[in-house]
Amino acid sequence: GSDFITGGGTVTNGMLVFMALTPTYAGQQIDHPQLQGINIINVSALGSSATNGMHAILVENVYNFKAINVSTYFCSHGLALKGVGGQVEGLYAHGHGSDGLIIKGDTYAYAMGVSANNIYVTSIGSYDGGGISVSSISSDNYFSKITNFHIENTKFGVYASSPSSRVDGLMLNNGSIV
């Protein structure tokens, strides 16, 4: 199969090496319609190392997406989300250089109302990075909710940052960082 998947639809019961679900236009452009109906179910993504700078799974400029029972291994980021109204249920992220889960607002891909439940992030080696990042670059990130999370042996647990805009209404419930 392809190293990158572009467009809408459902990915189920698969093993893949890197994945990007982005709108079908070229590049990261402002004011394009969000993709809808993106469902990632029972998928594992395998990268080559924690230092390669890639995203194991990148989902951007989407509306009401679902990621259910997803496992990611290596790459800089595990599951990277840039969207509105998304739901993550069961993420198992292992050995990422920057973070296992990142919810990020960007100029071309807003972040609002993302719900993540049953999140497990762990380090594998000495180059591994952090747990969960919630950030915004040039657009705000509103009302993300992260519940039932466990972060283990990472450089940081949960990191919220916004150099040029804001992260607002972040809710964390029932988590452990060890």
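Cut-offs used in this document
- Numbering of residues starts from 1 in each chain and follows the order in which that chain's sequence is written.
- Only residues with pLDDT of at least 70 get local features here, since the model is predicted, and only at 80 or more are side-chain atom pairs given and counted; chain-wide, interface and lining totals rely on the full set of residues.
- The basis for the side-chain values is all heavy atoms of the structure; hydrogens and waters are excluded.
- Under the scheme used here, helices are H or I runs from DSSP no shorter than 4 residues and strands are E runs no shorter than 2 residues, and both carry numbers assigned from the N terminus.
- Using a 1.4 Å probe on the protein chains alone, a residue whose accessible area is under 20% of its type maximum counts as buried, one over 50% counts as exposed, and one in between counts as partly exposed.
- In this analysis, two residues are considered to be in contact whenever any of their non-hydrogen atoms come within 4.5 Å of each other.
- Each residue carries a pLDDT value, the predictor's own confidence for that position, ranging from 0 to 100.
- Residues belong to a common nonpolar core when they are buried Ala, Val, Leu, Ile, Met, Phe, Trp, Tyr or Cys residues joined through side-chain atoms within 4.5 Å.
- The rule for a salt bridge is simple: a side-chain nitrogen of Lys or Arg has to be within 4 Å of a carboxyl oxygen of Asp or Glu.

Points about the overall build of the chain
Across its full length, the chain carries 0 helices and 17 strands. Across the 178 residues in the chain, those meeting the buried criterion constitute 47%.

A word on the environment of His 96
Note on placement: His 96 falls in the loop between strand E8 (87-94) and strand E9 (99-105). With a relative accessible area of 3%, His 96 lands in the buried category. In this structure the C-alpha to C-alpha distance between His 96 and Ser 123, which are 27 residues apart in sequence, comes to 7.1 Å. Those residues in contact with His 96 that sit more than four places away from it in its chain are Ala 50, Ala 56, Thr 72, Tyr 73, Phe 74, Cys 75, Ser 76, His 77, Gly 78, Asp 128 and Gly 129.

Observations regarding the confidence of the model for the chain
Of the residues in the chain, 82% have a pLDDT of 70 or more, and the chain-wide mean is 82. Under a pLDDT of 50 for its full length, residues 1-9 has, in the predicted model, 24 contacts with residues more than four places off or in other chains. Below a pLDDT of 50 lies the segment residues 22-27, which in the model reaches 13 contacts outside its immediate sequence neighbourhood of four places, other chains included.

A word on the nonpolar core
Counting residues in hydrophobic clusters, the biggest one holds 30 residues, and the most contacted among them are Val 59, Leu 79, Leu 81, Val 88, Leu 101, Ile 119 and Ile 132. In terms of residue count, strand E5 (residues 55-63) provides more of this core than any other element does, 4 residues in total. Filtering out sequence-adjacent residues up to four positions away, Ile 132 remains in contact with Leu 101, Ile 119, Val 121, Ile 146, Phe 149, Ile 151, Phe 156, Gly 157, Val 158 and Tyr 159.

A look at the environment of Val 158
In this fold, Val 158 is placed in strand E15 (residues 158-161). Residue Val 158 is classed as partly exposed on the basis of its relative accessible area, which comes to 27%.

A short note on the pattern of salt bridges
Close approach of charged atoms lets side chains of opposite charge pair. Scanning the model with the defined rule gives 3 salt bridges in all. A salt bridge links Glu 60 to Lys 82, with the shortest nitrogen-to-oxygen separation between them at 3.8 Å. Within this pair, whereas Glu 60 is found in strand E5, its partner Lys 82 is found in strand E7 (residues 77-84), the two being separated by 22 residues in sequence. Judged by its relative accessible area of 8%, Lys 82 is buried. In this structure, Asp 106 engages Lys 82 in a salt bridge whose closest nitrogen and oxygen atoms are separated by 3.2 Å. Taken together, the residues span a long stretch of sequence, with Asp 106 in the loop between E9 and strand E10 (111-112) and Lys 82 in strand E7 at a distance of 24 residues. Pair check on accessibility: Asp 106 and Lys 82 agree, each one buried. Ionic contacts of the salt-bridge type, sharing partners, join the residues Glu 60, Lys 82, Lys 104 and Asp 106 into one network.

Quick word on unusual backbone geometry
For Phe 74, which is not a glycine, the phi torsion comes out positive at approximately 65°. If you trace the backbone, Phe 74 turns up in the loop between strand E6 (66-73) and E7. At Cys 75, a residue that is not glycine, the phi angle is positive and equals roughly 75°. Along the polypeptide, Cys 75 turns up in the loop between E6 and E7.

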